[in-house]
Amino acid sequence: MIAPLMPTYNRADLAFERGEGVWLWTTDGRRFLDCGAGIATSALGHNHPHLVSAIAAQAARVIHVSNLYRVPEAERLATRFVQSTFADSVFFCNSGAEANEGMTKMMRRAMHGSGKPERTRIICFEGAFHGRTLAMLAATGNEKYLEGFGPPVEGFDHVPFGNMNAVREAVGPETAGIIVEPIQGESGVRPASLRFLRDLRAACDEFGILLGLDEVQSGMGRTGKLFAHQWAGIEPDVLAAAKGIAGGFPMGAVLAREAVARHLTAGSHGTTFGGTPLACAAANAVLDVVLAPGFLEGVCRKGEFLWRGLTDLVAAFPSVFAERRGAGLLLALKCVIPQAEVQAACREEGLLVLVAGDNVLRLAPPLVITEPECEEVLARLRRAAERCRRPAEAVA
Ligand SMILES: *Cc1c(COP(=O)(O)O)cnc(C)c1O
C-alpha cells in the first residue's frame, strides 16, 4: 500500500526534532553535524535567535495580506537588494523554480516589449538544474526528470557547459538570452570559470540578448560574495535567487535591471504568496546577518579552511576521493567508490552530507559554521574515509 506521504523522495530513516546552529538532534536523541543545511538553504543554521525572533514577531503582527496592498517589509527587502546588487527592481516569489520561471518570463517579455517578439528562446547548459515545474524541466533538460511528463515545454536549447564556441553557434534570430548557474550545483558542484562568465556577458552584449543567472544555490553568500557572479566582476540582466534567501522559510526572488523590469507592468506577472510580510521579515533577518561587516569574509575564510582540509583528504585517501571542487561553502568531493557508500559512512560518524551528480559528496554547511566546527567536519570526513578505504594493494 502506498504511503500517505507521496513517495517522490528516497528518504533516509532519520527524523529530526530540534536543531542548534550546525547541529541537529533526532527524535531518538542522536546528534548530527549538518553539512547539508536542508540543501544549501538553512543559511543561518538551525534555531538562529535573530531569525527565530524576526519570524515570531512578524507572525504575531501579520502573516499574509496579499499583493493587493503595500507590504513595507517587502519594500524594505527590495530596497536592500537594489542597494547591494546590480538590480534596479525585485519580484518576490516562493521557490527556486518559480524564480527561474519568472526570470524566463521577464527575458521573453523584455524582448517582446522592445520590438523583438520573435526572440523567445533561451540557451541553457548540459548539466543544468533549474527546477521541477514543466518549463524548468525543459530548461534543465535532463532526460531522467522529463521522463513520463509529456512533451517538454518548447524554447530551450542546450549546449555543453563552458563551451563558448557552442554558445555562439547556438545564438539565433529567436534567441532571447542565456540562463546559466555560476556553479552547477545538482550536477556535481561544477563551477563555471570566471572567464566563461565574462565571455557569456560579452556575447550577450554583442548579440543584443539577455544574461540570466540562476543563483538559487550559489547566491545569498554561499561562495563568500552575496552572489557568485561578483567573483567574475560581471553583472547579469536578471537573476533568480531562492534557497538560502530566507534561511529555510520558503522564498524566491527575481532581481532585474530596469531595462528588463520595466516591461513587467501591473497584472503581467504575479503569485499569491510572493513577498508576504512573514517571508520578507525572515529574508530581512537573513540579510541583517549576511550583510553585517565581516560576515562574507568569514564565509571565505571558512571555505578556504575546508578547502585545505579537503585537499589533504584527497591526498590521504586516493581509493575513496578523486578530487575536490567548489567555492566558498559550496564544496564537493568526487568519489572513487559509490558516493552513497561514503555518505552512509559519514552518517555513521554523525555527519550529514549531500550527494550530487558526477558521483560527488556535496558539502553546503550553514554559513554560520565556526572554524572549530569546520575542523570537526574534516575529522568526521576522515573517519568516514577510513571506514571506506580500500586495502592499499587495491589502490594502484
Ligand atoms: C534548488 C535549485 C532550483 C530549484 O529550486 P526549488 O526551490 O526546489 O524550486 C533551481 N536552480 C538551482 C540552481 C537550484 O539549486
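A. Representation of a nonpolar patch on the surface in the model. A cluster of nonpolar residues, Val62, Val65, Leu68 and Tyr69, forms a patch on the protein surface that exposes about 390 Å² of accessible area. Considering the arrangement of structural elements, one finds Val62 in the loop between helix H2 (49-61) and helix H3 (72-84). Residue Val62 is classed as partly exposed on the basis of its relative accessible area, which comes to 33%.

B. How the structure looks around the domain arrangement of the protein chain. As far as domains go, the protein chain holds domain 1 (16-34 + 294-395) and domain 2 (50-290). Averaged C-alpha coordinates put domain 1 and domain 2 at centres separated by 28 Å. Each partner contributes to the roughly 1500 Å² buried at the junction of domain 1 and domain 2, and carbon and sulfur atoms together form 64% of this total. Broken down residue by residue, the surface that domain 1 buries against domain 2 is led by Leu296, Leu330 and Arg362, which jointly contribute 36%. Linking domain 1 with domain 2 are 1 salt bridge, by the criterion used here. The closest approach of N and O atoms between Glu186 and Arg362, which form a salt bridge, is 2.9 Å. Linking domain 1 with domain 2 are 8 residue pairs in polar contact (both at pLDDT 80 or more), by the criterion used here. Secondary structure elements with two or more residues in the side of domain 1 that touches domain 2: helix H11 (295-316), strand E13 (321-327), strand E14 (330-335) and strand E17 (360-363). The element contributing the most residues to the side of domain 1 that touches domain 2 is H11, with 4 residues. Class assignment of the residues belonging to the side of domain 1 that touches domain 2 gives a composition of 15 nonpolar, 3 polar and 3 charged.

C. Here's a closer look at the packing of helix H12 (residues 339-348) against helix H13 (residues 371-388). Across the interface, H12 lies against H13 with an axial gap of 8 Å and an inter-helix angle of 125°. Relative to H13, the element H12 lies oblique. Helix-helix and strand crossings are classified by hand; for H12 and H13 the assignment is right-handed. Residues Glu341, Val342, Ala345, Cys346 and Glu348 of H12 form the contact with H13, whose participating residues are Leu381, Ala384, Arg387 and Cys388. Tallied by class, residues from the contact of H12 with H13 come to 6 nonpolar, no polar and 3 charged.

D. View of unusual backbone geometry. Of note, the phi angle at Asn47 is positive, near 55°, even though the residue is not glycine. Within the secondary structure, Asn47 is located in the loop between helix H1 (37-40) and H2. Residues other than glycine seldom take positive phi values, yet Met220 does so here, at roughly 55°. Tracing the chain through its elements places Met220 in the loop between strand E10 (210-214) and strand E11 (238-241).

E. Main features of the sheet that holds strand E6 (residues 156-159). Across the sheet, which stays open at both edges, the 7 strands sit in the order E4-E12-E11-E10-E7-E5-E6 with mixed pairing between neighbours. Of all the strands in the sheet, just strand E4 (89-93) and E6 have a single pairing partner and so form its edges. Each adjacent strand pair in this sheet contributes to an overall mean axis angle of 20°, direction not counted. Pairing between strand E5 (residues 121-125) and strand E7 (residues 175-180): 3 bridges, direction parallel. Counterpart to Arg121 in the pairing with E7 is Thr175. Contacting E4 and strand E12 (252-256), H3 crosses the sheet at an angle of about 130° to E4.

F. Molecular detail of the pairing of E10. Burial of E10 is extensive: 5 of the 5 residues sit out of reach of the surface. Residues of E10 alternate between two faces, with Leu210, Gly212 and Asp214 on one and Leu211 and Leu213 on the opposite face, all of them buried. Bridge count between E7 and E10: 4 bridges; the pairing is parallel. Each bridged residue has a counterpart across the sheet, and for Ile179 the counterpart in E10 is Gly212. Summarising the sheet, E10 and E11 pair through 3 bridges and their orientation is parallel. The residue of E11 that forms the bridge with Gly212 is Val238.

Cut-off values and rules
- Residues numbered from 1 in each chain as written.
- Predicted model: local features only at pLDDT ≥ 70, side-chain atom pairs only at ≥ 80, totals over all residues.
- Heavy atoms only, no water.
- Patch = residues over 30% accessible without salt bridge, like charges linked within 9 Å, V, L, I, M, F, W, Y side chains within 5 Å.
- Areas by Shrake-Rupley, 256 points an atom, 1.4 Å probe, with all protein chains shown as cover.
- Salt bridge = Lys/Arg side-chain N within 4 Å of Asp/Glu carboxyl O.
- Helix = DSSP H or I, 4+ residues; strand = E, 2+ residues; numbered from the N terminus.
- Buried < 20%, exposed > 50% of the residue type's maximum accessible area, 1.4 Å probe, protein only.
- Domains from an automatic or database assignment.
- Buried area = accessible area lost by both parts, 1.4 Å probe.
- Polar contact = N/O pair within 3.5 Å; in protein donor to acceptor, adjacent residues only side chain to side chain.
- Nonpolar A, V, L, I, M, F, W, Y, C, P; charged D, E, K, R; others polar.
- Axes fitted to C-alpha atoms, helices over the stretch in contact; angles between N-to-C directions.
- Parallel < 35°, antiparallel > 145°, perpendicular 65-115°, else oblique.
- Left-handed = near helix turned anticlockwise from the far one by under 90°.
- Contact = heavy atoms within 4.5 Å.
- Pairing = 2+ DSSP bridges.

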